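# Examination of the molecular architecture
Here is what each chain is made of, one letter per residue.
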Amino acid sequence: MSTTPVAPKPIKTNRIGLQILDYRGGKTTLCAGCGHNAISERIIDALYEMGVQPERVAKLSGIGCSSKSPAYFLSRAHSFNSVHGRMPSVATGAVLANRSLMALGVSGDGDTASIGIGQFIHLMRRNLPIIYIIEDNGVYGLTKGQFSATADLGSKLKTGVVNELPPIDTCELAISLGATFVGRSFSGDKRQLHAMLKAAIAHSGTVLLDVISPCVTFNDHEGSTKSYKYAKDHDEPLQEINFVPVFEEISADYDPGTTMEVEMHDGSRLLLRKLEEDYDPTNKIRSITRLNEAKEKGEMLTGVLYVNTKAPTFIDMLNITDDALATLRTSVTRPGPEVLDQVMEELR
Ligand SMILES: Cc1ncc(C[n+]2csc(CCOP(=O)(O)OP(=O)(O)O)c2C)c(N)n1
Ligand code: SF4
Ligand SMILES: [Mg+2]
């Protein structure tokens, strides 16, 4: 009996010739069903589709289950798992030392809004080029589920303890302080998060994505406002997001009356089909007002909340050289003895 040989399936690669496997990381040690795992998957897909060279990425995090996530994607990238709440300063140093890296920060709501709030605030006001993702479950997952500063007023812990303090809205804070691409999404919304991450990769400046990411072990019960059920029932998307990278043609027709087009720095296009007629994500005041209206109504407002592609980044403001500082020879960075002699002479 003769058998016809079956041709091997062609291996799928992206525009820089890499396979999806090249974007994967170690096996997750997080709980099965944790929202953070879904976010890692979306990060892998977005970096693969955008054709980002893994070695060009610097993964940065603090401490928490969320901050462990960078171990579960992009093994080939640089990585720095820092101290609780201190990722912003480490990230700032890394970006300034090597501007050719793409900084990807992953933090938790505790890491960012509780212990790390001071560092977070200063990062947001600088428009440093970084993608900062908050994997927001409203609790300190790693230390067994205490409320964090993003927990909603009146939400309940498993033990029945009620949160009596108002939450810090990290998106509102980021917009008012100066971040230039701010969005909120849900780990269970594959399509929205995927599009938002791809746009974030094309943005030059500070991207803050607050992703509601349920903790199945400590905060997924009745009375929680960060559970899968609550997120599904209260999700209020502002737009249908489509992202067309610079290397792809727009295939679908769209009506400029209902779809807003934002041109990104590299020529990519963000197409936002408005679900709310009068929402304009380039209007800072309006975005802050809308976030406050959502809070009053108990809505989980998702989508691109604010975008500004015109503001100078921290790198532009500092006017540093195009070459990565980390690669400059000491003969360039350290003044010679004659310069020191001259300074001493002037001080005499
Ligand atoms: C300086 C310091 N304080 C406290 C801790 C204990 N601690 C570790 S993780 C964590 C909270 C993590 O919460 P979050 O950032 O929301 O991450 P999640 O585990 O929920 O993903 C705390 C309080 C620590 N590691 N270091
Ligand atoms: S404890 Fe919560 S946040 Fe941590 S891995 Fe488990 S489900 Fe995720
Ligand atoms: Mg948390």
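Placed above this text is the structure.
Residues numbered from 1 in each chain as written. Chains lettered and ligands numbered in written order. Predicted model: local features only at pLDDT ≥ 70, side-chain atom pairs only at ≥ 80, totals over all residues. Heavy atoms only, no water.

## Topic: the site of ligand 1
The local shell around ligand 1 holds 17 residues, among which Cys65, Ser66, Gly110, Asp111 and Gly141 are the closest. In the model, an oxygen atom of ligand 1 is placed 2.9 Å from a nitrogen or oxygen of the His36 side chain. For ligand 1, whose unbound accessible area comes to 590 Å², protein coverage reaches 75%. The leading source of residues in the shell around ligand 1 is helix H4 (residues 109–114), at three residues. (Near = heavy atom within 4 Å. Polar contact = N/O pair within 3.5 Å; in protein donor to acceptor, adjacent residues only side chain to side chain. Areas by Shrake-Rupley, 256 points an atom, 1.4 Å probe, with all protein chains shown as cover. Helix = DSSP H or I, 4+ residues; strand = E, 2+ residues; numbered from the N terminus.)

## Notes on the coordination of the magnesium ion (ligand 3)
Surrounding the magnesium ion (ligand 3) are the protein donor atoms Asp109 (OD), Asn137 (OD1) and Val139 (O), which sit 2.1 to 2.3 Å from the metal. All donors of the magnesium ion (ligand 3) belong to a single chain; written as a sequence motif, their spacing is D-x27-N-x1-V. Pair noted here: Asp109 is in helix H4 and Val139 is in strand S5 (residues 139–140), with a separation of 30 residues, a long-range link. Given a relative accessible area of 2%, Asp109 falls into the buried group. (Donors = N, O, S within 2.8 Å, 3.2 Å for Na, K, Ca; no water. Buried < 20%, exposed > 50% of the residue type's maximum accessible area, 1.4 Å probe, protein only.)

## Details of helix H7 (residues 190–202)
Counted at 1.5 Å a residue, the expected span for H7 with its 13 residues is 18 Å, and the 19 Å between its end C-alpha atoms agrees. Among the residues making up H7, those that are buried are Gln192, Leu193, His194, Ala195, Met196, Leu197, Lys198, Ala199, Ala200, Ile201 and Ala202. (Expected span 1.5 Å × (residues − 1).)

## Structural notes on the pairing of strand S13 (residues 300–307)
Counting buried residues along S13, eight of its eight residues qualify, which places the element largely inside the surrounding structure. Bridging between strand S7 (residues 181–186) and S13 involves four bridges; their strand directions are antiparallel. In the sheet register, Arg184 faces S13, and the bridge partner there is Gly303. Direction of pairing for strand S9 (residues 235–237) relative to S13: parallel, over a ladder of three bridges. Bridge pairing links Glu236 to Leu301 in S13. (Pairing = 2+ DSSP bridges.)

Worth remembering: the numbers are spatial, not functional.
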